[in-house]
Amino acid sequence: MDRSTNDSKGQLEDLMTIEDFERESEKNTEPKIWRYVSHGAGIGQTLKRNCEYFQRYLFRPRVMRDVSQLDMGTTLLGEHINSPICVGVTTAQDKMHVDAELATAKASRAHRTCMVVSTWSSVSMDDVATVEGLKWFQIHPFHHREETTRRLVTRAENCGYKAIVLTIDSRVVGREFGRLMSSGGFGFTPLHELPNLKEFGKIEYHDPSASWEYVDWLKTITNLPIVIKGILTAESANEAIQHGADGIIVSNQGARHLDGMVASIEALPEVAKAINGRCEVYLDSGIRRGTDIIKALALGARAVFVGRPILWGLACGGEAGVDRVLTLLEDELSNAMALCGVAKVADIDNSLVRHDTRPHVSKY
């Protein structure tokens, strides 16, 4: 199917949930690409847990509150956004729709939210930056830091990106993911041919020897805020703060690399407690509906970053598909806020939820 022509507004309006987008996107995606997008590492324990663990938190709604005017606005590192629903790091967007990151950036701009652009993006960071809107740029702890990292960070600064997101938990990538992305497996573009990396040739992009010293060095080459992505423990959160993190994304990379980890939402309370307001805390992995988002905010996240649903939206309709995904999540969040008796995102706190410790057997 020609994914560039599958942009019917009427068809998109028939998709009422993120699960609808997941099912519909499979029809528009090559089977091998679909396997990458929708599967995780190992046998998928963590992939499943990321979604299902949200059910362990139950609402404690407040009643007889004025919710006639809802305010979902917040700030990220001082920049205002219209809702705490942001666009997370994803790769291979060109395999979902020909417009790739350009479509995603336009939808993000329309919703006045933040988009994180991957080093491995299908469209160059320079071209994505031509679309107005708040953007952060994501990197890894690369080998040859002077030749690669410094040049990428300088380009990001010159293009107007507002923060650098350093992914720290995939210095050794998962077997399936590494095979796909490094060798062109399943039709993926090899790393050294991607727009942001082709100038560097065939070099080693992951440095398994990287330590917190890498963050110290990164702070010396840029004035942009540094957001650390891939924190799941209080110990790592404290180390990130000690080395100058301006923000932390609680994340297990969408369960792509290591199976058997805690869910991101499961780790969030521990990390938020350890941080105790010393930097901003965000969450990704497992977000599928607006109630997930309000639970994440209640447990200490300032915002969430959405991954796979963005790819599903792309596959279903390019920019219009991503726009519809973001609209659904915003509508579900505002509805949940009203039913919980919360008029402002800023007023959401941990009194809104309780942890249900009983065994859960229901399917998400």
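Reading the values: the criteria
Residues numbered from 1 in each chain as written. Predicted model: local features only at pLDDT ≥ 70, side-chain atom pairs only at ≥ 80, totals over all residues. Heavy atoms only, no water. Core = buried A, V, L, I, M, F, W, Y, C linked by side-chain atoms within 4.5 Å. Buried < 20%, exposed > 50% of the residue type's maximum accessible area, 1.4 Å probe, protein only. Helix = DSSP H or I, 4+ residues; strand = E, 2+ residues; numbered from the N terminus. Axes fitted to C-alpha atoms, helices over the stretch in contact; angles between N-to-C directions. Parallel < 35°, antiparallel > 145°, perpendicular 65-115°, else oblique. Left-handed = near helix turned anticlockwise from the far one by under 90°. Contact = heavy atoms within 4.5 Å. Nonpolar A, V, L, I, M, F, W, Y, C, P; charged D, E, K, R; others polar. Salt bridge = Lys/Arg side-chain N within 4 Å of Asp/Glu carboxyl O.

K.L.:
Looking at this model, I keep getting lost on the nonpolar core. Mind explaining?
P.N.:
The nonpolar side chains of a soluble globular protein tend to be buried, and buried together. Judged by nonpolar contacts, the single largest core of 102 residues is most densely connected at Ile-265 and Leu-283. For this core, the element with the most residues is helix 13 (residues 308–340), which contributes 15 residues. Ranked by size, the runner-up nonpolar core spans 14 residues in total, among them Leu-76, Ile-81, Val-116 and Trp-136.

K.L.:
Before we go on, may I ask you to explain unusual backbone geometry in this structure?
P.N.:
Trans is the common state for peptide bonds, and a negative phi is the common state for residues other than glycine. Non-glycine residue Arg-112 carries a positive phi angle of around 50 degrees. As for its placement among the helices and strands, Arg-112 is situated in the loop between helix 5 (100–110) and strand 5 (114–118). For Arg-112, a relative accessible area of 59% puts it in the exposed group. Despite not being glycine, Asn-276 shows a phi value in the positive range, around 50 degrees. On the secondary structure map, Asn-276 appears in the loop between helix 11 (264–275) and strand 10 (280–284).

K.L.:
Sorry, what's going on with the packing of helix 12 (residues 290–298) against helix 13 here?
P.N.:
Helices that pack against each other are described as a pair by the angle of their axes relative to one another and the distance between those axes. Interaxial distance between helix 12 and helix 13 falls to 7 Å at its minimum, and their mutual angle equals 60 degrees. As summarised for this structure, helix 12 and helix 13 are arranged oblique, according to the angle between their axes. As helix 12 runs across helix 13, the sense of the crossing is right-handed. Where helix 12 abuts helix 13, its residues Gly-290, Thr-291, Ile-293 and Ile-294 lie against Leu-329, Glu-332, Leu-333, Ala-336, Met-337 and Cys-340. When grouped by side-chain class, the residues that make up the contact of helix 12 with helix 13 number seven nonpolar, two polar and one charged.

K.L.:
What should I look at first to understand the pattern of salt bridges in this one?
P.N.:
Side-chain pairing between opposite charges can occur once the charged atoms of the two side chains come close. Inspection of the entire model under this criterion finds 13 salt bridges. Of the charged contacts in the structure, one is a salt bridge between Glu-266 and Arg-49, with a shortest N-O distance of 2.7 Å. Here Glu-266 is found in helix 11, whereas its partner Arg-49 is found in helix 4 (residues 45–52), with 217 residues between them in sequence. For Glu-266, a relative accessible area of 22% gives the class partly exposed. Among the residues examined, Arg-49 registers a relative accessible area of 33% and is labelled partly exposed.

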